[in-house]
Amino acid sequence: MKLRYCLVDVFTDRAFGGNPLAVFPDGSQIDPALMQSIAKELNLSETTFVLPPNDKSNDFHVRIFTPAAELPMAGHPTIGTAHVLARHRTIAPWKTKTTLRFEEGVGVIPVSINGTDGAPDFIEMRQPLPKFGPQTNDVSSIAEMLSLKAGDMDAAGLPIETVSCGVPFLIVPVNNLESIRRIRFRADVCEKVYDQIQTLNVFVFTREVERAGSHVHSRMFAPGNGVPEDAATGGASGPLGCYLVRHRVMPSNGELRCVSEQGIEMGRPSFISIRIQHSGDEITEVHVGGTCHYMGEGSLHGAVTS
């Protein structure tokens, strides 16, 4: 059996930037028991499999796997999968804008695709509303997990807090680029503090940036999910935007718009657009988007057995 997949770089407009993603446009050919093995074989941060929807009012059912686990939702796989489907005209004809409804583990995710004459350009997903989890005051343990000093993380008194828009991330503010570049993540310490933070996904940011047009500089670590470091994390960028609104990190009057730069330390610069609508402190909509660069396609065959 020959299984075709497409390779796309997500949250970038050029080759070898952003976060690579493998998309199997016809996942109905694949036994569900094989999906995890395929994701582990390809060893990208995520691989997606596109299936017919369970509810005909939706467009596709999308399953998302890291090399180690299936995820209920993720950002760069959602954006990249939409790009592949639009590029290969898998969806109904459209001109400048269309919206898809993806069934994912957290429910239905609306995805808007903007482009010219059916060629996809900017793609934006709507994420579930945030759930704010525990904060931790154990700054010394979090600093140890990042191989930093507690003084690298005083960041204007901002909290270290777990936030989820489908997948929980520990949001950790650090002071500057010099500090964030020095991070050497320790998975053993992360496991020790799990009861405090309730997640193995750690997202670190600073307001100091490298590139013009960016507003925050970010890094994400999830070795417990088979991702030592992620080049672009849309699933964490929604929670980051909600955190920025809740703690008034950036000025906003009803809608926060910002860009998170990520992956620079990995040599894969990524730029993630975040749009958070809110009424005062109440967050009403969470949107994350960006562009993609199509890299090519390939196939698995012969040895693929259940």
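Residues numbered from 1 in each chain as written. Predicted model: local features only at pLDDT ≥ 70, side-chain atom pairs only at ≥ 80, totals over all residues. Heavy atoms only, no water.

Novice: Could you give an account of the overall build of the protein chain, naming the residues involved and the relevant values?
Specialist: Assigned secondary structure in the protein chain consists of seven helices and 18 strands. For the protein chain, whose C-alpha radius of gyration is 19 Å, the value lies close to the compact-globule estimate of 19 Å for 306 residues. Expressed as lengths along the three principal axes of its C-alpha atoms, the size of the protein chain is roughly 55 × 45 × 35 Å. Burial status across the protein chain gives 55% buried among its 306 residues. Once local pairs closer than 6 in sequence are excluded, the contacts in the protein chain between residues at least 24 apart make up 64%. In the protein chain, which carries 27 positive and 34 negative side-chain charges, the distance between the mean positions of the two groups comes to 3 Å. (Helix = DSSP H or I, 4+ residues; strand = E, 2+ residues; numbered from the N terminus. Rg over C-alpha atoms; globule rule 2.2 N^0.38 Å. Buried < 20%, exposed > 50% of the residue type's maximum accessible area, 1.4 Å probe, protein only. Contact = heavy atoms within 4.5 Å. Lys, Arg positive; Asp, Glu negative; His and termini not counted. Charge placed at Lys NZ, Arg CZ, Asp CG, Glu CD.)

Novice: I'd like a rundown of the nonpolar core, residues and numbers included.
Specialist: Counting 32 residues, the largest nonpolar core has Ile91, Phe102 and Ile113 as its most contacted members. Secondary-structure elements contributing two or more residues to this core are strand E1 (3-10), strand E2 (19-24), strand E4 (60-65), helix H2 (75-87), strand E6 (97-104), strand E7 (107-116), strand E8 (119-127) and strand E18 (292-300). Considering each element in turn, this core owes the most residues, five residues, to H2. In contact with Ile113, other than residues within four places in its own chain, are Ala82, Ala86, Ile91, Trp94, Thr96, Lys97, Thr98, Leu100, Pro120, Phe122 and Ile123. In terms of nonpolar packing, the next biggest core, distinct from the first, is built from 26 residues, Tyr243, Ile276, Ile283 and Val286 among them. (Core = buried A, V, L, I, M, F, W, Y, C linked by side-chain atoms within 4.5 Å.)

Novice: Break down the packing of aromatic side chains for me, with residues and values.
Specialist: Any pair of aromatic rings gets described here by the distance separating the centres and the angle formed by the planes. Scanning the model with the defined rule gives six aromatic pairs in all. Between Phe24 and Phe49, the ring centres sit 5.0 Å apart and the planes meet at 15 degrees, which makes this aromatic pair stacked. You can see Phe24 sitting in strand E2 and its partner Phe49 sitting in strand E3 (residues 47-51), a full 25 residues away along the chain. The exposure class of Phe49 is buried, given its relative accessible area of 0%. Here the aromatic residues Tyr5, Phe24, Phe49 and Phe65 are joined through ring pairs into a cluster of three or more. Its guanidinium or amino end placed over the ring of Tyr294, Arg87 lies 3.9 Å from that ring's centre, counting from NZ or CZ. Against the face of Phe132 rests Arg246, its NZ or CZ located 4.0 Å from the ring centre. (Phe/Tyr/Trp six-rings, centres within 6.5 Å; stacked < 30°, edge-to-face > 60°. Lys NZ or Arg CZ within 6 Å of the ring centre and 35° of its normal.)

Novice: For the pattern of salt bridges, give the residues involved together with the corresponding values.
Specialist: What the rule picks out here adds up to 17 salt bridges. Here Arg14 ties to Asp13 by a salt bridge, and the two come within 2.8 Å at their closest N and O atoms. The exposure class assigned to Arg14 is exposed, which follows from its relative accessible area of 53%. The salt bridge partner of Arg275 is Glu255, with a shortest N-O separation of 3.2 Å. Linking Arg275 in strand E16 (residues 270-279) with Glu255 in strand E15 (residues 255-262), this pair joins segments that are 20 residues apart in sequence. Residues joined in a network through salt bridges with shared partners are Glu124, Glu255, Arg257 and Arg275. (Salt bridge = Lys/Arg side-chain N within 4 Å of Asp/Glu carboxyl O.)

Novice: Let's hear about the environment of Phe16: which residues, and what values?
Specialist: Along the chain, Phe16 falls in the loop between E1 and E2. For Phe16, a relative accessible area of 60% corresponds to the exposed category. With 277 residues separating them in the primary sequence, Phe16 and His293 have C-alpha atoms 8.7 Å apart. What Phe16 contacts, discounting residues up to four positions off in sequence, is Asp9, Gly267, Arg268 and Met295.

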